[in-house]
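# Coordinate analysis (summary)
Read off the chains here:
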Amino acid sequence: MRIWVGVYSSPHFRIPTPVMEAKVAEKKAELVLETNQLTKIYQNSQIALNDVSLKLEPGTVLGLLGANGAGKTTLLRLVIGLHRPTAGWAKVFGEVMTPNSADLRRKIGYIPTNPQFPKGMTPITYLDYMARLFGLSRDTRKPRLASLIRAVGLLGASGDPIDTFSNGMSARLAVATSLINEPDLLFWDEPTHGLDPEARRSMLDLMKGLGQAKTIIVSSHNLGDIDEVCNHAAVLSRGQMIYCGSLQDLKGRMRRNHYEVDLEGDQRSITKLLSMLRGTGEVRSVELQHRKLTLYFNDELNSANGIATVMMALNECKVTLVGIRSVGQQTEQAFLDLVEKDETAGFARIYKQPPKMAA
Amino acid sequence: MAESPAVNVVINRWLPYWAVLQADFGQVLCGWVWRAWVGVCLLATGCWLVYRLGAHREAGLVQEASTFLTDLVRWVLMGSVGLVVILAAGAISSERGTLADSILSRGISRRQYYLGKFHSRLGAVLCGFFLVSLIATILGQFFLKEDLDLKGCMLATWEVGMLLAALVSIGVMLSSILNNTLVGIMVLWFALYGGGAILSLVPGLVPQLHLVWNRLPYVIKGHYSLVALGEITLFSLVVCTITSLFGMAYFSRRDV
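The present account deals with the structure reproduced in this document. Here the structure is a predicted model, which means the values were calculated and not measured.

Taken together, the contact pairs 37 residues of chain A with 31 residues of chain B. Note on chain A versus chain B: buried area summed over both sides is about 3000 Å², and carbon and sulfur give 52% of it. Of all residues in chain A, N100, R132 and L133 of chain A give up the largest surface area on contact with chain B, accounting jointly for 21% of the area buried on that side. Remark: the boundary between chain A and chain B carries three salt bridges. For the pair chain A and chain B, the interface holds 21 residue pairs in polar contact (both at pLDDT 80 or more). If you tally residues by element for the side of chain A that touches chain B, the top one is helix α5 (residues 123-133) of chain A, at five residues. Here the side of chain A that touches chain B is composed, by residue class, of 16 nonpolar, eleven polar and ten charged.

Dropping the structure here:
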């Protein structure tokens, strides 16, 4: 079921036309979001965010990665003006965001983690309330909320109290809320949290569609979601940004030295292959388990030589290759490697320049 | 397919304020605190009237409607001020967290949010008080000795309403400063009694509460002083203005 696709194909929402695309191209130089040395210390007792500088161009779909307490939600709350930075600043569409920047927030759609809704409201009254919070007149907000309720598949429940909604229905309503003002910039904090597989799939499809026309920052624990939806990533570790750049570049940094090889052949030939591989300089370790070789190469970034050595050894020992694959989900592996490197850097982190690249 | 013409979206800058005010006012009126407050007041009015009526009919004692109304306002307000404190002190702090997130992350400024909350709580408390006062006045006029002056009744209600307005404004300010509603209620309670006791030591600076109560029966009968009423109104306006400005300024600079 792909009901949410209707959100961005609805006539009440801006579909990128050639004229609009030209406008986007003209404004390419203008940054959608810029943070400079953004730091948040709570009550002088907890450093939630430390010296985060980020630049985001229009059309970017940025995935915010980080463990629990890494500072993802704090970063989003700072850039939307719910929190005041202890130091540094955040600019949205070229203007500094403050708690009173109502005009700036009219261009932003936000989904908090586990969104809460006022008691006794129905989707219609709630969306109407949210639209009024954006200052939208009746003639504008009524058609929009009707389109959104239809698009997120809540038409049948539009008169039911929100208190009775399931997680999936609440998530759909949160999506509709974040789009009611037709924002150019979306901040979604763990939008797939607590969703069943079907609802999660719909959410990811929606993000992919919206990502073609809008700038999105998605925070998620699920690295597979980030991998599927985003074209850029920022990694936070203990309040500090340790990576910001394209997702491809992040994957390029991952260790590619762990492979599994499925074999076919007699046991003698395989044993010969094993001893041959152990004698080469390319392979750090090799283990055999039920005709499956687990290999670790010495070169962590370039495993081409190692694979070539394995191929030659297979040919020499007359062992048939059934399959070869790298181990570990790519983005997840890259993320874990980055965090691990940061953790082991120790005092060297003091001298390390934080990433200040435009995403 | 013909392209739809570009629509200029008109933004009403005060609509967010009205939205918060209306939504909060509706929620307060549907909440148990406001209903309990008004219910307790109406129940007390009925019981007090039956008692006075009984004394009047059975024992032949003369029961003046003005005395009935004064006693009622005094004891009902003294008894139910706790619920007014809860209504005021829970205005903003009770929504802190994700619910406030979903409102303050939209196109509303902190000042508008604060004003919307303050005015809705003020409106709810004054509406409740005026409703109870109106019912009590009508009942007293019909069942007890008719010594009420309509203008005096309105001014007496206004006088007590101004005191309630000052209380609500302090409560909402504390609610924007403190994270915890219970702490807010406690602080407001201390401020109400402790502050009142301290202010009574500086006569002339602010209107004294016991003097307000003492002259209430006379005001209800029509023997009022516009200067004294003006002082109360001015005092309330000054308190409301100062607390609102301070509350707005503080709330605009803090995390939610």
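Residue and element names in this part refer to chain A. Applying the stated criterion to the full structure yields 20 salt bridges over all chains. Between E260 and K292 there is a salt bridge; the shortest N-O distance is 3.9 Å. With E260 in strand β11 (residues 258-264) and K292 in strand β13 (residues 292-297), this residue pair connects regions lying 32 residues apart in the sequence. For R325, the salt bridge is made with E260, and the minimal N-O distance between the two is 3.2 Å. Note that R325 is positioned in strand β14 (residues 320-326) and E260 in strand β11, a separation of 65 residues in sequence. Among the charged side chains, a salt-bridge network with shared partners connects R201, D205, K208 and E228.

Residues and elements named next belong to chain A. For the pair α5 and helix α6 (residues 138-151), interaxial distance at closest approach is 10 Å and the crossing angle is 130°. Between α5 and α6, the angle falls in the class oblique. Classified by chirality, the crossing of α6 by α5 is right-handed. Across from P123, I124, L127, D128, A131 and R132 in α5, the residues of α6 making contact are R141, K142, L145 and I149.

This brings us to the side chain of E159 of chain B. Residue and element names in this part refer to chain B. Tracing the sequence through the fold places E159 in helix α6 (residues 150-177). Classification of E159 as buried rests on a relative accessible area of 1%. Within the structure, E159 has its side chain in polar contact with the side chain of R215 (distance 3.0 Å). In contact with E159, other than residues within four places in its own chain, are V212, R215, L216, V219, L229 and I232.

Below, the discussion takes up the sheet that holds strand β12 (residues 283-289) of chain A. All names here are of chain A. The four strands are arranged β12-β13-β11-β14 in an open sheet whose pairing can be described as antiparallel. Each edge of the open sheet carries a strand with a single partner, namely β12 and β14. The sheet shows a mean angle of 20° between the axes of neighbouring strands, direction not considered. By the bridge criterion, six bridges tie β11 to β14 in an arrangement that is antiparallel. In the sheet register, Y259 faces β14, and the bridge partner there is S326.

Cut-offs applied
- Residues numbered from 1 in each chain as written.
- Chains lettered and ligands numbered in written order.
- Predicted model: local features only at pLDDT ≥ 70, side-chain atom pairs only at ≥ 80, totals over all residues.
- Heavy atoms only, no water.
- Contact = heavy atoms within 4.5 Å.
- Buried area = accessible area lost by both parts, 1.4 Å probe.
- Salt bridge = Lys/Arg side-chain N within 4 Å of Asp/Glu carboxyl O.
- Polar contact = N/O pair within 3.5 Å; in protein donor to acceptor, adjacent residues only side chain to side chain.
- Helix = DSSP H or I, 4+ residues; strand = E, 2+ residues; numbered from the N terminus.
- Nonpolar A, V, L, I, M, F, W, Y, C, P; charged D, E, K, R; others polar.
- Axes fitted to C-alpha atoms, helices over the stretch in contact; angles between N-to-C directions.
- Parallel < 35°, antiparallel > 145°, perpendicular 65-115°, else oblique.
- Left-handed = near helix turned anticlockwise from the far one by under 90°.
- Buried < 20%, exposed > 50% of the residue type's maximum accessible area, 1.4 Å probe, protein only.
- Pairing = 2+ DSSP bridges.

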